[in-house]
Amino acid sequence: MERINKKVAVLFAFIPIVIVFAQDFTPSVFDRPSVPIPMNTADPSYDLWSQLRDDSGDPVREPGPFYPGTRSGALTFFNLPMAANPEDLIAGEVDVAILGATIDMGVGMRGARYGPNAIRGSITAGGGNLPHMHTGIAWKQELKVVDYGNAPIDRFSTERSMPMVRELVREIASTGAIPLIIGGDHSLEYPDVAAVADIYGKENVGVIHFDAHYDAATEGYGGHLISHAQPIALLIEEGHILGENYIQVGLRGYWPGEDGFEWMRENNFRYHTMAEIERDGWDAVMERILAEANDGPEYLYVSFDIDVLDPAYTPGTGTPVSGGLTPREMFPLIRALCTENNLVGFELVELNPLVDPGYTTVLNSSALVQECLTGIAMRKSGISDGGYLNPLTVEDAIPDPPSLN
Ligand SMILES: [Mn+2]
């Protein structure tokens, strides 16, 4: 019995040695040098994703906006006609081209890729044909707007998708049309703003960025330089946009911390947090934002992360933060910004229909985009005051009682 125990003891004594040897010789992912795994460029599918917009095999047609099939049934943004290339935009004298960008690797959560089609499928009262009650303006009657389809996305790589998005946004902007991008996650701000700066000049474009989060991380994301938390850092560091032309609105919660606020101050950012809004009231802060936009460079780009709104109105997003703004606060500001400024781009990002059980977020996102379109239409129809309200809407015909005068 004792001999058996000895044998067992000797056997067990070898186990750690065996484990050590096994570790030495078993290849492990942690033993590899920390360089990315190279891609198989010989794979026939290597670039297939990027050819989404290759229309060389399509039937020949006259350039200009067109309806895919019948006018009912095929889903386009707001039931608008489509355009496929710059020739269509030029021939149709298009004012705004709406581009879907189905990217959601940058948020690390599946779903934002369905944002564009959720907006395409949304049913909106009026839909741009009827006059917006506040302003009396029907944006479809003032503007030529098209659905420009989707940007090609490598669904396994944010990094690889960026150049294609930038090229398409640049293509729209080069015709003089306003690119309106529906995401997709906030990594899109990097190619979107870079593209607009390519066309209008790096020092000539200001950005107003609505978001609960700061989105200017330089590290902390596994070595990635682009994700939905990083587009601003990349834009500033690469010099596509100047810090003094950047305005942040709606920050709250726990990010940025002190380092981030210091970084924004060093780069001459302007920012308006929810703390400032709670202290001074929305009307006062809204006036400041409008004044700062007017004080900025010649052109304006608006980056709208729907999580700037309170999760009560936008539950369908990847990183909701309590204590946000309401649509009733935001709509007049978006309308005014798009009326009073030379808008050269607008993006709506971080809409995730998969976590939007009541279509609340789709509804509010769709309405928000149409507030911007209404603003652009107001400007085109000659209205310069972004706060303009239709007298028919806000004044009844009966004189007020003396007690109110
Ligand atoms: Mn964001």
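Structure: see above.
Residues numbered from 1 in each chain as written. Predicted model: local features only at pLDDT ≥ 70, side-chain atom pairs only at ≥ 80, totals over all residues.

A. Just the overall build of the chain, in detail. Scanning the chain from terminus to terminus reveals 13 helices and eight strands. Principal-axis analysis of the C-alpha atoms gives the chain an extent of 110 × 60 × 40 Å. Here the chain holds 405 residues, and the buried ones make up 45% of them. In the chain, the proportion of contacts linking residues at least 24 apart, taken out of those at least 6 apart, comes to 78%. (Helix = DSSP H or I, 4+ residues; strand = E, 2+ residues; numbered from the N terminus. Buried ≥ 20, exposed ≤ 12 C-beta atoms within 10 Å, placed from the backbone. Contact = placed C-beta atoms within 7 Å.)

B. Representation of the pairing of strand β4 (residues 205-210). Within β4, six of the six residues are buried, leaving the element largely enclosed by the surrounding structure. With burial as the criterion, each face of β4 is covered, one bearing Val205, Val207 and His209 and the other bearing Gly206, Ile208 and Phe210. Across four bridges, β4 lies against strand β5 (residues 246-249) in parallel orientation. By the bridge assignment for β5, histidine 209 is matched with glutamine 248. (Pairing = 2+ DSSP bridges.)

C. Molecular detail of the sheet that holds strand β8 (residues 342-349). Pairing is parallel across the open sheet formed by eight strands, whose spatial order is β2-β1-β3-β8-β7-β4-β5-β6. Each edge of the open sheet is held by one strand with a lone partner, namely β2 (145-150) and β6 (270-272). The sheet shows a mean angle of 15° between the axes of neighbouring strands, taken without regard to direction. Of the strand pairs in this sheet, strand β7 (residues 299-305) and β8 are connected by seven bridges, and their pairing is parallel. Among the inter-strand pairings, valine 302 is bridged to a residue of β8, identified as phenylalanine 346. Across the sheet, helix α12 (residues 360-380) is in contact with β1 (96-101), β2, β3 (178-183), β7 and β8; its angle to β8 comes to roughly 175°. (Axes fitted to C-alpha atoms, helices over the stretch in contact; angles between N-to-C directions.)

D. Expanded view of the packing of helix α11 (residues 327-340) against α12. Relative to each other, α11 and α12 sit at 30°, their axes nearing to 7 Å. As judged from the angle between their axes, α11 and α12 are roughly parallel. Classified by chirality, the crossing of α12 by α11 is right-handed. Here Pro327, Met330, Phe331, Ile334, Arg335, Ala336, Leu337, Cys338 and Thr339 of α11 lie close against α12, whose contacting residues are Asn364, Ala367, Leu368, Glu371, Cys372, Thr374, Gly375, Ile376, Met378 and Arg379. Split by residue class, the contact of α11 with α12 holds 12 nonpolar, four polar and three charged. (Parallel < 35°, antiparallel > 145°, perpendicular 65-115°, else oblique. Left-handed = near helix turned anticlockwise from the far one by under 90°. Nonpolar A, V, L, I, M, F, W, Y, C, P; charged D, E, K, R; others polar.)

E. Just helix α10 (residues 282-295), in detail. Helix length check: α10 (14 residues) gives 20 Å between terminal C-alpha atoms against 20 Å at 1.5 Å per residue, within 8%. Buried residues of α10: Val285, Met286 and Ala293, and no others. An end-on view of α10 places all buried positions within 105° of arc, on one side of the element. More than 90 degrees from the buried face of α10, the exposed residues found are Asp283, Ala284, Ala291, Asn294 and Asp295. Those residues of α10 hidden inside the fold are in contact with β4, β6, α9 (274-280), β7 and α11. (Expected span 1.5 Å × (residues − 1). Arc of directions from axis to C-beta.)

F. Examining the nonpolar core more closely. If you look at the biggest cluster of nonpolar residues, it comprises 104 residues, and the most contacted ones within it are Val96, Ala97, Ile98, Leu99 and Val196. The element that contributes the greatest number of residues to this core is α12, accounting for eight residues. If we ignore the near neighbours within four places in the chain, the residues touching alanine 97 are Ala83, Leu89, Val146, Tyr148, Ile172, Ala177, Pro179 and Leu180. (Core = buried A, V, L, I, M, F, W, Y, C linked by C-beta atoms within 7 Å.)

G. Representation of α12 in the model. The terminal C-alpha atoms of α12 lie 30 Å apart, and with 21 residues this matches the ideal 30 Å at 1.5 Å per residue to within 8%. α12 sits mainly inside the fold: 17 of its 21 residues count as buried. Note on α12: the residue one or two positions beyond its end, glycine 382, has a positive phi of about 100°.

H. Quick look at unusual backbone geometry. The linkage connecting glycine 183 with the following residue, glycine 184, adopts the cis geometry, with an omega of 5°. Relative to the helices and strands, glycine 184 is located in the loop between β3 and α6 (189-200). We note that glutamate 93 has phi near 45°; this positive angle belongs to a residue other than glycine. The topology assignment puts glutamate 93 in the loop between α2 (86-91) and β1. Using a count of 12 C-beta atoms within 10 Å as the deciding quantity, one classes glutamate 93 as exposed. Look at tyrosine 359: it is not a glycine, yet its phi comes out positive at around 60°. Under the C-beta neighbour-count criterion, tyrosine 359 is labelled partly exposed, with 15 such atoms within 10 Å.

I. Geometry of the environment of methionine 164. Relative to the assigned elements, methionine 164 resides in helix α5 (residues 158-174). The sequence separation of methionine 164 and serine 50 amounts to 114 residues, and the corresponding C-alpha distance is 7.3 Å. In contact with methionine 164, not counting residues within four places along its chain, are Ser50, Ala151 and Pro152.

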